[in-house]
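# Observations on chain architecture
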Amino acid sequence: AGLGLVLVVVSACSSVPFDAPRMESFQHPPTSAGKLAELSEHYLAGSGEHTGVYEIEDGTEALDIRLELAERAQATIDAQYFLIKPDASLLRAADRGVRVRLLLDDVFTTAKDEGLAMLNAHPNVQVRLFNPVARGGISSLNFLLDFSRANRRMHNKSFTVDGHVTIIGGRNIAAEYFDMNEDVHFWDFELFCFG
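Residues numbered from 1 in each chain as written. Predicted model: local features only at pLDDT ≥ 70, side-chain atom pairs only at ≥ 80, totals over all residues. Heavy atoms only, no water.

Let us now look at the pattern of salt bridges. A side chain with one charge can pair with a side chain of the opposite charge if their charged atoms come near. The full count for this structure, using the stated rule, is six salt bridges. When the shortest N-O distance is used, the salt bridge between Glu-68 and Arg-72 registers 2.6 Å. In this pair, Glu-68 and Arg-72 are both assigned in helix α3 (residues 59-72), four residues apart and thus about one turn of the helix distant. According to the relative accessible area criterion, Glu-68 is partly exposed, its value standing at 39%. Look at Arg-72 and you get partly exposed, because its relative accessible area is 33%. As a salt-bridge pair, Arg-101 and Asp-78 come within 2.7 Å of each other at their nearest N and O atoms. Placement of Arg-101 in strand β3 (residues 99-105) and of Asp-78 in strand β2 (residues 76-81) is noted, with a sequence separation of 23 residues between them. Residue Asp-78 is classed as buried on the basis of its relative accessible area of 13%. Where salt bridges share partners, they join Arg-66, Arg-171 and Glu-190 into one cluster. (Salt bridge = Lys/Arg side-chain N within 4 Å of Asp/Glu carboxyl O. Helix = DSSP H or I, 4+ residues; strand = E, 2+ residues; numbered from the N terminus. Buried < 20%, exposed > 50% of the residue type's maximum accessible area, 1.4 Å probe, protein only.)

Below, the structure is given as structure tokens:
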């Protein structure tokens with residue numbers, strides 16, 4: 001029994017390969033044409049402003065706006081989230097030729113490593129994990145044995161499309177954040193910005 005406990009603890013302490021090769025990735029300049037460029041121009045024309053801001057409180061509206069933006073994307077989607085569950089709209093955009101970059105915090109990422117690797121293998125998708133934790137053995141031991149690193153999390157949330165529009169605020173990507181889970185309700189506030 002003692003040997004089994006030692007093996008569990010040792011496997012839980014497996015390290016993450018932080019020196020894995022990575023391709024450099026940079027933000028593309030905003031698109032010069034397309035529906036979202038036209039939207040920005042239309043709403044900002046004659047106002048003298050460089051940025052428009054719209055408040056999003058309703059979860060259903062927040063989801064509708066994201067789905068519409070993913071559908072209208074022509075060149076890029078840059079998304080950064082603390083927690084994300086499967087989102088087919090991003091994959092459909094990538095299949096149309098849109099470059100999709102995801103930066104995800106690793107601590108509550110529910111996708112298996114193999115699934116993230118398959119997503120990252122798509123020619124138009126780049127997945128990066130912020131401060132990854134080892135998932136072998138009992139993953140919660142990472143917090144006990146390497147607390148100062150494992151507790152450093154990325155809690156930012158943004159969804160930027162074609163360099164013209166972005167959603168920033170409190171919502172992660174999961175049903176409960178969009179009023180689609182009857183058992184759990186979150187109230188979040190976001191801003192839809194363009195320009």
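What follows is about the confidence of the model for the chain. Considering every residue of the chain, the mean pLDDT works out to 81; 85% of them sit at 70 or more. When pLDDT is averaged over each helix and strand of the chain, the minimum, 46, is found for helix α1 (residues 2-12) and the maximum, 95, for strand β5 (residues 158-161). Ignoring residues within four places in sequence, the model shows residues 3-13, a span with pLDDT below 50, making 10 contacts including any to other chains. (pLDDT = per-residue confidence, 0-100. Contact = heavy atoms within 4.5 Å.)

What follows is about the sheet that holds strand β4 (residues 125-130). In spatial order, the strands read β1-β7-β6-β5-β2-β3-β4; together these seven strands make up an open sheet with mixed pairing. Across the chains shown, the open sheet's two edge strands, defined by having one partner strand only, are β1 (52-56) and β4. On average, each strand axis in the sheet is tilted by 10 degrees relative to the strand beside it, whichever way the strands run. Pairing of β3 with β4 involves six bridges; the strand directions are parallel. Its bridge partner being in β4, Leu-102 is matched across the sheet by Val-127. Contacts from helix α2 (residues 35-44) reach β1, β5, β6 (165-169) and β7 (190-194), with the element oriented near 90 degrees to β7. Lying on the sheet, helix α5 (residues 113-120) is in contact with β3 and β4; it crosses β4 at an angle near 140 degrees. (Pairing = 2+ DSSP bridges. Axes fitted to C-alpha atoms, helices over the stretch in contact; angles between N-to-C directions.)

Now for the environment of Gly-170. Here Gly-170 shows up in the loop between β6 and β7. Spatially, the C-alpha atom of Gly-170 lies 8.0 Å from that of Asn-156, the residues being 14 residues apart in sequence. If we skip the residues at most four places from it in the chain, Gly-170 touches Lys-157, Asp-188, Phe-189 and Glu-190.

Our focus in this paragraph is the side chain of Thr-76. Mapping Thr-76 onto the fold places it in strand β2. Residue Thr-76 is classed as buried on the basis of its relative accessible area, which comes to 4%. Those residues in contact with Thr-76 that sit more than four places away from it in its chain are His-28, Val-98, Arg-99, Thr-160, Val-161, Asp-162 and Gly-163.

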